[in-house]
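Each chain is listed here by its residues.
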Amino acid sequence: MSKDRIVILGAGFAGLQLARRLKNNEFDITIIDQYNFHQFQPLMYQVATGRLEPSSISFPLRKVFQKKSNVHVRLAKVLAIDTELKKVVTDDAGTFSYDHLVIATGCATNYFGNKNIEQFAFPMKSTGEAVTLRNRILLNFEDALSAGPGALEAIMNIVVVGGGPTGVELSGSLAELKKNILPKDYPDMDFSRLNIYLIEAGNATLGVMSKASQEKSQQYLELMGVNVWLNAQVKDYDGKTVTLNDGRTILTHTLVWAAGVTGNVPPGISADKIVRGNRIKVDAYNRVEGLHDVFAMGDIAYMETAEFPKGHPQLANVAIAQAKNLVTNFTNLSGRKPLNPFTYKSPGTMATVGKHKAVVDLPFMSFQGRFAWFIWMFLHLMLIVSVKNRLIIFINWAISYFTNDTTLRLILLPTKKTKLKQAVPEPEPELV
Ligand SMILES: Cc1cc2nc3c(=O)[nH]c(=O)nc-3n(C[C@H](O)[C@H](O)[C@H](O)COP(=O)(O)OP(=O)(O)OC[C@H]3O[C@@H](n4cnc5c(N)ncnc54)[C@H](O)[C@@H]3O)c2cc1C
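Okay, so let's go over this structure. Keep in mind that this is a model prediction, so the values were computed, not measured.

**Remarks on the nonpolar core**
Step number 1: Membership of the largest hydrophobic core comes to 86 residues, with the highest contact counts inside it found for Leu18, Leu43, Val102, Phe141, Leu170 and Phe330.
Step number 2: Excluding its chain neighbours within four sequence positions, the residues that come into contact with phenylalanine 141 are Met156, Leu182, Tyr186, Met189, Phe191 and Leu194.
Step number 3: Core analysis: the next-biggest nonpolar cluster, separate from the first, contains 27 residues, Phe96, Val265, Ala301 and Phe308 among them.

**A closer look at the layout of surface pockets**
If you roll a probe as big as a water molecule over the atoms, it shows you where there is empty space left.
Step number 1: Computed from the structure, the second largest pocket encloses a volume of approximately 610 Å³.
Step number 2: Along the walls of the second largest pocket sit 31 residues, with Arg51, Glu176, Gly354, Lys355 and Trp373 positioned nearest its centre.
Step number 3: Elements that contribute at least two residues to the lining of the second largest pocket include exactly α2 (44-48), α7 (165-185), β23 (349-354), α10 (370-383) and α11 (387-403).
Step number 4: With eight residues, α7 is the single largest residue contributor to the lining of the second largest pocket.
Step number 5: Partitioned by chemical class, the residues of the lining of the second largest pocket number 16 nonpolar, eight polar and seven charged.

**A closer look at the pairing of strand β1 (residues 4-9)**
Step number 1: Here β1 pairs with strand β2 (residues 27-33) via six bridges, running parallel. Bridged to aspartate 4 within β2 is phenylalanine 27.
Step number 2: You can see the chain leave β1, run along helix α1 (residues 13-21) and come back into β2, and the turn it takes is right-handed.

**Topic: unusual backbone geometry**
Step number 1: The residue leucine 206 is not glycine, and still its phi comes out positive at about 50 degrees.
Step number 2: For leucine 206, the location among the structural elements is in the loop between β12 (195-199) and α8 (211-223).

**Quick notes on the sheet that holds strand β11 (residues 157-161)**
Step number 1: If you walk across this open sheet you meet the four strands as β13-β12-β11-β17, and the pairing is parallel. Of all the strands in the sheet, just β13 (227-229) and β17 (254-257) have a single pairing partner and so form its edges. On average, each strand axis in the sheet is tilted by 15 degrees relative to the strand beside it, whichever way the strands run.
Step number 2: Bridge count between β11 and β17: four bridges; the pairing is parallel.

Cut-offs applied
Residues numbered from 1 in each chain as written. Predicted model: local features only at pLDDT ≥ 70, side-chain atom pairs only at ≥ 80, totals over all residues. Heavy atoms only, no water. Core = buried A, V, L, I, M, F, W, Y, C linked by side-chain atoms within 4.5 Å. Buried < 20%, exposed > 50% of the residue type's maximum accessible area, 1.4 Å probe, protein only. Contact = heavy atoms within 4.5 Å. 1 Å grid on protein atoms, 1.4 Å probe; cavity = no way out; pocket = protein on both sides within 12 Å on 5 of 7 lines; lining within 4 Å. Points joined across faces, edges and corners; volume = space filled by probe spheres on them. Helix = DSSP H or I, 4+ residues; strand = E, 2+ residues; numbered from the N terminus. Nonpolar A, V, L, I, M, F, W, Y, C, P; charged D, E, K, R; others polar. Pairing = 2+ DSSP bridges. Right-handed = clockwise from strand over helix to strand, strands pointing away. Axes fitted to C-alpha atoms, helices over the stretch in contact; angles between N-to-C directions.

In structure tokens:
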């Protein structure tokens, strides 16, 4: 008997977990991603600030599936889905037919329609983007060495937009770079002129966390020298000047946009299935409403439950839990058993601001400080996919813990061969 073909779109937290956990030989699985590696987004800010190498938070997919003969990895961008013909069309790897489709394409940076910001701001949603941001930050200080007084201000201002966990963690890490590392690398430079701004439209940092965590994170950031501007909305950015709604402006060459995300919905999903945040509406089994053989999970999936009437939070834990439930449901489907509805109990949320400075909200209590910081580190290490990478991250963290320094500040710029691409398959590929 031929096996059922499952095609998974996206090898993020959800897609990777599903493909790893589905039993060998029960299904024929194809996992398609635009990158040949899985990315650990929670630590991207550490790549952007030269604390970790990109390879520590990225895992080659072919290595992950070396021992799973029923999993086929394809490096391609998904262009469209045809739910009538049950096909997925990609740019570089041809067309794939499926019995069951799982959409796990996550989110992209949301610029809220502002083309200027999209053109000039630095996003941080992929390892590549984190490296680009690292290049910009490090090049700033090389530029500063020869810049005249007129140009210096824009070089020495770094603006982070969005006071959620990404913005808070990045701003804190930049503040530590400014305090502990840059004065050693550039002994002749006056770093009192380096200003880090965190701009947030709401009235608190870490708006989704408890009041205690919000207040503490702001207090930590201000203590570390970050200028936290609340109730401040960025209206425009032309690559040199950030303009706020209230008329204030900041000169900067480095604007990091961490203000929101929007679902990566592949073309082919009809508009009536797409809801707020550009997410795909699913039932309690992560099945796309009205399509019995198409599932969506992770950030892209929007499931309303009594406990989460506005959908689940877009977190790695939710993505992993939905993937685990879908593993059970695929097994149930093949055994003709009833499906398990997805349920989620939040284990809590956390964010770190700097050394010994983290905030943790558990369902029954909140705490902050040194213990919270150790817990944050331990739990993030445990989520890392490979033991080798876990060890490398641990060693890097230990070195920076004791020396307040790192050795990872490489400026890696593109070369002429950057546009290297896969050959376009000729002639038109057959269905896989
Ligand atoms: C900077 C940052 C920090 C974060 N920190 C935390 C944290 O501390 N804790 C936490 O719980 N969550 C955190 N999150 C959120 C967490 O990363 C997401 O909730 C999680 O990644 C969702 O998993 P997913 O599998 O749904 O999507 P993703 O992990 O985003 O994976 C989606 C995959 O789909 C691929 N893809 C998308 N479109 C296409 C296409 N058209 N063709 C081919 N492939 C495609 C992408 O390349 C990607 O590999 C953070 C997110 C960011 C950006």
